[in-house]
Amino acid sequence: MSLSRYTHQDLVQADNAIKEAQISLQCLVRDVYPVGTEVSVKFGRYLVRVKISDHGRAYWSGAGDLFGVNVQTGKVRRFHYGQIVSTSRVTHP
């Protein structure tokens with residue numbers, strides 16, 4: 001006997017809504033920041049120029065994540081779209 005007014009189906013629907021939102025976020029990030037785009041990213045106290053090289057591939061973990069190469073050092077960095085301060089140019093590979 002459950003004291004909750006919610007059912008197992010409510011849980012399934014909520015889980016499906018989260019999955020749908022994560023997939024939507026992943027698609028939007030890819031559209032807004034395509035591979036080749038140069039952006040300024042805030043890493044702690046530092047602002048770094050990064051050229052986007054890839055996007056997160058797993059919707060269930062890091063749907064808003066991107067990968068980019070530091071323009072000055074060549075180091076590959078993983079970051080969240082929320083860390084992007086500005087976009088300077090979009091170039092397609």
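Throughout this description, residue numbers start from 1 for each chain and increase along the sequence as written. Local features in this predicted model are restricted to residues of pLDDT 70 or higher, and side-chain atom pairs are both shown and tallied only at a pLDDT of 80 or more, whereas totals for entire chains, interfaces and linings draw on every residue. Computation of side-chain values: all heavy atoms of the structure, hydrogens and water removed.

(A) Broad picture of the pairing of strand E2 (residues 46-55). Strand pairing is assigned whenever DSSP identifies at least 2 bridges connecting the two strands. Secondary structure elements follow DSSP: runs of H or I of four or more residues count as helices, runs of E of two or more count as strands, with numbering from the N terminus. Bridge count for strand E1 (residues 38-43) against E2 is 6 bridges, and the pairing is antiparallel. Opposite Val-41, over in E2, you have Val-48 as the bridge partner. Taking the residues that link successive antiparallel strands as the turn, the E1-E2 hairpin has 2 residues, and the phi of Gly-44 there is positive, at about 65°. Where E2 lies against strand E3 (residues 65-70), 5 bridges are found, and the strand directions are antiparallel. Bridge pairing in E3 links His-55 to Leu-66.

(B) Summary view of the pattern of salt bridges. One speaks of a salt bridge when a side-chain nitrogen belonging to Lys or Arg is within 4 Å of a carboxyl oxygen belonging to Asp or Glu. Taken as a whole and judged by the stated rule, the model has 3 salt bridges. Close ionic contact of Glu-38 with Arg-49 constitutes a salt bridge, the shortest N to O distance being 3.4 Å. Note that Glu-38 is positioned in strand E1 and Arg-49 in strand E2, a separation of 11 residues in sequence. Measuring nitrogen to oxygen at the nearest pair gives 2.9 Å for the salt bridge that ties Asp-65 to Arg-78. One end of the pair, Asp-65, is in strand E3; the other, Arg-78, is in strand E4 (residues 76-80), with 13 residues separating them in the sequence.

(C) Quick look at the environment of Gly-44. Position of Gly-44 among the secondary structure elements: in the loop between E1 and E2. Gly-44 sits 41 residues away from Leu-3 along the chain, and the two C-alpha atoms are 46 Å apart.

(D) How the structure looks around the nonpolar core. Nonpolar cores were defined as sets of buried Ala, Val, Leu, Ile, Met, Phe, Trp, Tyr and Cys residues, with membership established by side-chain atoms within 4.5 Å. Only protein chains enter the accessibility calculation, which uses a 1.4 Å probe. A residue is then buried if its area is under 20% of the maximum for its type, exposed if over 50%, and partly exposed in between. The biggest cluster of nonpolar side chains holds 11 residues, and these are Val-29, Tyr-33, Val-39, Val-41, Phe-43, Val-48, Val-50, Ile-52, Leu-66, Phe-79 and Ile-84. Residues are treated as being in contact if the distance between any of their heavy atoms lies within 4.5 Å. Once residues within four sequence positions are removed from consideration, Val-41 is found in contact with Tyr-46, Leu-47, Val-48, Val-50, Phe-79, Gln-83 and Ile-84.

(E) Summary view of the environment of Val-48. Following the sequence through the fold, Val-48 ends up in strand E2. For Val-48, a relative accessible area of 14% translates into the label buried. Not counting chain neighbours up to four residues away, the residues in contact with Val-48 comprise Val-39, Ser-40, Val-41, Phe-43 and Asn-70.

By themselves these figures say nothing about function.
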